[in-house]
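Inside the fold
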Amino acid sequence: MIQIDSLNQFYGQSHTLWDLSMTVPEGKCTCLMGRNGVGKTTLVQSIMGLLPVKSGSISYKGQNIAGMAAEKRAPMGIGYVPQGRQIFPLLSVEENLRIGLPARRDGLRQVPDYIFELFPVLKEMLHRRGGDLSGGQQQQLAIGRALVTDPGFLILDEPTEGIQPNVVAEIGDIIRRLNEEIGLTVLLVEQKLPFARKVADNFCILDRGRQVAFGEMTELNDQLVKEYLTV
Ligand SMILES: Nc1ncnc2c1ncn2[C@@H]1O[C@H](COP(=O)(O)OP(=O)(O)OP(=O)(O)O)[C@@H](O)[C@H]1O
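Residues numbered from 1 in each chain as written. Predicted model: local features only at pLDDT ≥ 70, side-chain atom pairs only at ≥ 80, totals over all residues.

**Remarks on the sheet that holds strand S2 (residues 14–24)**
- Pairing in this open sheet of 4 strands is antiparallel, and the strands run S2-S1-S4-S5 from one edge to the other. Each edge of the open sheet carries a strand with a single partner, namely S2 and strand S5 (63–64).
- Packing of helix H1 (residues 40–47) onto the sheet brings it into contact with strand S1 (2–11), S2 and strand S4 (55–60), and relative to S2 it is tilted by some 70 degrees. (Pairing = 2+ DSSP bridges. Helix = DSSP H or I, 4+ residues; strand = E, 2+ residues; numbered from the N terminus. Contact = placed C-beta atoms within 7 Å. Axes fitted to C-alpha atoms, helices over the stretch in contact; angles between N-to-C directions.)

**As for the environment of serine 134**
- Assignment of secondary structure puts serine 134 in the loop between helix H5 (120–124) and helix H6 (135–148).
- Each C-alpha atom of the pair serine 134 and isoleucine 163 lies 9.0 Å from the other, and the pair is 29 residues apart in sequence.

**Regarding the UniProt feature "domain: ABC transporter" (unreviewed entry) in the protein chain**
- With numbering matched to this structure, UniProt assigns "domain: ABC transporter" (unreviewed entry) to residues 2–231.
- Helix makes up 33% of residues 2–231 and strand 27%, with an end-to-end C-alpha separation of 30 Å. (UniProt positions renumbered as here; feature names shortened; annotations may be inferred.)

**Here we look at the nonpolar core**
- In terms of nonpolar packing, the biggest core is built from 57 residues, with Cys31, Leu32, Ile155, Val186, Leu188 and Phe203 touching the most fellow members.
- Other than its neighbours up to four places away in sequence, phenylalanine 203 contacts Cys31, Met33, Ala196, Phe214, Gly215, Met217 and Leu220. (Core = buried A, V, L, I, M, F, W, Y, C linked by C-beta atoms within 7 Å. Buried ≥ 20, exposed ≤ 12 C-beta atoms within 10 Å, placed from the backbone.)

**A short note on unusual backbone geometry**
- At arginine 85, a position not held by glycine, the phi torsion is positive, near 70 degrees.
- Looking at the secondary structure, you find arginine 85 in the loop between strand S6 (78–81) and helix H3 (93–98).
- According to the C-beta neighbour criterion, arginine 85 is buried, with 23 such atoms within 10 Å.
- The residue glutamine 86 is not glycine, and still its phi comes out positive at about 50 degrees.

**Quick look at the site of the ligand**
- Surveying the vicinity of the ligand reveals the residues Tyr11, Ser14, Thr16, Gly34, Asn36, Gly37, Val38, Gly39, Lys40, Thr41 and Thr42.
- Only S2 and H1 provide two or more residues apiece to the shell around the ligand.
- In terms of residue count, the dominant contributor to the shell around the ligand is H1 (3 residues). (Near = placed C-beta within 6 Å.)

**Notes on the sheet that holds strand S7 (residues 153–157)**
- Strand order in the open sheet made by the 6 strands is S6-S7-S8-S3-S9-S10, with mixed pairing throughout. Each edge of the open sheet is held by one strand with a lone partner, namely S6 and strand S10 (210–216). When strand polarity is set aside, the average angle formed by the axes of neighbouring strands in this sheet is 15 degrees.
- One ladder, built from 5 bridges, connects S7 with strand S8 (residues 185–189); its direction is parallel. Residue pairing for S8: aspartate 157 is matched across the bridge by valine 189.
- Relative to S8, helix H7 (residues 165–182) is tilted by about 155 degrees, and along the sheet it contacts strand S3 (29–33) and S8.

Structure, rendered in structure tokens:
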């Protein structure tokens, strides 16, 4: 569903992504893995149009989106949960969620109920300020906000970072449900190996801006883990 070919990205003179190619299969969860600083966030920000790419293509539904303005992504059905959540701390939970509504293609003007079925805590906290929520609740809000746009493809950048284990497990269950029940395609950036193994169908490992391994999660063996993932 997402096909990336020979992508090159630079921060100024610094060449960060090198001829990077990868596929995110439709309806599956693909985990983008690799140690700190290998280029995972740079890649997802490039997919989202938040960073300019020097060359290469990013094909979504057969269209090359690499040079397209960032704001065109959500109406095309690409949702994004950035690293660090980036919810609006002074807006209420409801206001944070409503931000996603204008991107919907069906013109719905209310936050759909299934968001509250997935995250009951957001209903309880509807009128609280986003900034008053716990880290785990803010992460659920960030995922809920992305889902309000009704994406077919969702990118989550380290959704378990700094979150209590019980909420981590809940988020894992929700990603699986979205995969299985509505066929959502997911690209998950994740460093926690047990979580990645539990949630993702496929993996793609980056090292120094290059794709060095990919396959089905069951094929992620100890040698790859030792070479590219453990610190
Ligand atoms: N704004 C920037 N300007 C210059 N270099 C940057 C910038 N952002 C990231 N980099 C560099 O690009 C490389 C890739 O960083 P990136 O954040 O994409 O890695 P990452 O795999 O997401 O790491 P982490 O797991 O720590 O988030 C690193 O060497 C980083 O120092």
